There are 2 protein chains.
Amino acid sequence: MYDKLRKYIDRVTSAVIPDEEFVFIEKAFEVKRLRKRQFLLHQDTVCRYMAFVVTGALRQYSIDDDGFEHIANFAIEDWWISDRSSLIGQTPSRYNIDAVEDSELLVTTLDKLNILKEQSLSFLKMAHILDQNHSIAAQKRIEAGITMTAEEKYRYLMAANPEFIQRFPQNMLASYLGLTPETMSRVRKQVLAR
Amino acid sequence: MYDKLRKYIDRVTSAVIPDEEFVFIEKAFEVKRLRKRQFLLHQDTVCRYMAFVVTGALRQYSIDDDGFEHIANFAIEDWWISDRSSLIGQTPSRYNIDAVEDSELLVTTLDKLNILKEQSLSFLKMAHILDQNHSIAAQKRIEAGITMTAEEKYRYLMAANPEFIQRFPQNMLASYLGLTPETMSRVRKQVLAR
DNA sequence: CATTTCTCTTGATCCATATCAACTGCATTT
DNA sequence: AAATGCAGTTGATATGGATCAAGAGAAATG
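The rules we used
- Residues numbered from 1 in each chain as written.
- Chains lettered and ligands numbered in written order.
- Predicted model: local features only at pLDDT ≥ 70, side-chain atom pairs only at ≥ 80, totals over all residues.
- Helix = DSSP H or I, 4+ residues; strand = E, 2+ residues; numbered from the N terminus.
- Rg over C-alpha atoms; globule rule 2.2 N^0.38 Å.
- Buried ≥ 20, exposed ≤ 12 C-beta atoms within 10 Å, placed from the backbone.
- Contact = placed C-beta atoms within 7 Å.
- Near = placed C-beta within 6 Å.
- Nonpolar A, V, L, I, M, F, W, Y, C, P; charged D, E, K, R; others polar.

Draft legend 1. Spotlight on the overall build of chain A. If you tally the helices and strands in chain A, you get nine helices and eight strands. Since a compact globule built from 194 residues should have a radius of gyration of about 16 Å, the 18 Å found for chain A is in line with a globular shape. Considering chain A as a whole, with its 194 residues, one finds that 32% of them fall into the buried category. For chain A, long-range pairs separated by at least 24 residues make up 71% of all intrachain contacts whose partners lie at least 6 apart in sequence.

Draft legend 2. Spatial organisation of the protein's contact with DNA strand C. Around DNA strand C, 15 residues are found, and the nearest of them are Thr149 and Thr183 of chain A together with Pro169, Gln170 and Ser185 of chain B. Those elements that place two or more of their residues in the surface near DNA strand C are α9 (181-193) of chain A together with α8 (170-177) and α9 (181-193) of chain B. By residue number, the principal contributor to the surface near DNA strand C is α9 of chain B, which donates six residues. Class assignment for the residues of the surface near DNA strand C results in four nonpolar, six polar and five charged.

Draft legend 3. Region of the structure containing the interface of chain B and chain A. Each side of the interface is counted separately: chain B has 20 residues, and chain A has 20 residues. Counting only elements with at least two residues in the side of chain B that touches chain A, the list comes to β5 (69-76), α3 (84-89) and α5 (121-147) of chain B. It is α5 of chain B that contributes the most residues to the side of chain B that touches chain A, 13 residues altogether. Grouping the amino acids of the side of chain B that touches chain A by side-chain chemistry returns six nonpolar, nine polar and five charged.

Draft legend 4. Seen up close, the protein's contact with DNA strand D. Neighbouring DNA strand D are 15 residues, the closest being Pro169, Gln170 and Ser185 of chain A together with Thr149 and Thr183 of chain B. Examining the composition of the surface near DNA strand D, we find that six residues originate from one element, α9 of chain A, more than from any other. Here the residues of the surface near DNA strand D are counted per class, giving four nonpolar, six polar and five charged.

Below, the structure is given as structure tokens:
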């Protein structure tokens, strides 16, 4: 379990964590298992966890005034998931996070996270790289939403996150891309035809 | 000039930078003046600067295959602007950044930035808070693009960044929101009518 | 200060995607 | 294995915003 996290940190920091440093990381995280459809976060509650996905798949979504779900993010193996805004500000979240498949997570809390960042330089570095990657990906997704047609969005998803297409049902993918399931189905047909 | 940056850092970190620490910050930044329409970054070149806007207004935009500009970000007083992806990776940028008004900037380079983060804890903290705010704002903008109508987008801009509306011409605001200038004009009329 | 060039507005038309609706088959529950 | 429900497909229709076009101000330029 923890070994997966260790390898992940080594990989993104392009380094090897010393044993004595990894002890701190191990202490800061605990294992959490979710069955399909169980929640890690309910909207209107304060987000307690930052979670690393060891196995499984989750989604983060909000519900609009008309009761429709909008998927903001997915997470699968080796991804992180949390509502940072809620976690850091200790304010109620607009999001739900639930398991799309049975999942094993390593979770930590805000307090432990803050301590950990002082104890482990590797972890701090990783957090920083994560932020950067996240911010670059977010910028691209903003532009995708503005400039791309439905078909281009689907192709972009295929190129950027092919794992998602295997892993999540089409209606969720549609929601993530901001399309209706009907349009998604038609676009998919188009794309696969070539 | 530098005092503006100092006050800014004090404000976002909710602290006061010690003089001996601010010396490092001062050394890392130099003044750069841009007349309206001058560029801080040209697409297909590596981004050299991370810039703090002391006075003025700038925009960051890409040009699509059909030659249309898409504004990705604005920056005015007390904002930062750069292409982080290009700066950090030292890879060619997809963006242009130019001055919409005559502007005074404090700029630093990747090397100086990395050194500075080791020298000044205040600066590191600030960078971290900046990242977080950025990532939260980006998430909201993604959702705005997916879920909001043209009118809602305009209202959201009014609420989130009223300064922009005073400062930038409508065709640029339209591009930023992913609307045509025509739609922007009609929506604005609607909104002001009430 | 005259001229050229943008920016913004308004109207007419078009198109990509949403919406509504019906049907199929797969999966989950009983 | 029957019953229920959900995911996906396909077709018909509706619509929000894009595109095309023309004109009026405002601002930059010589």
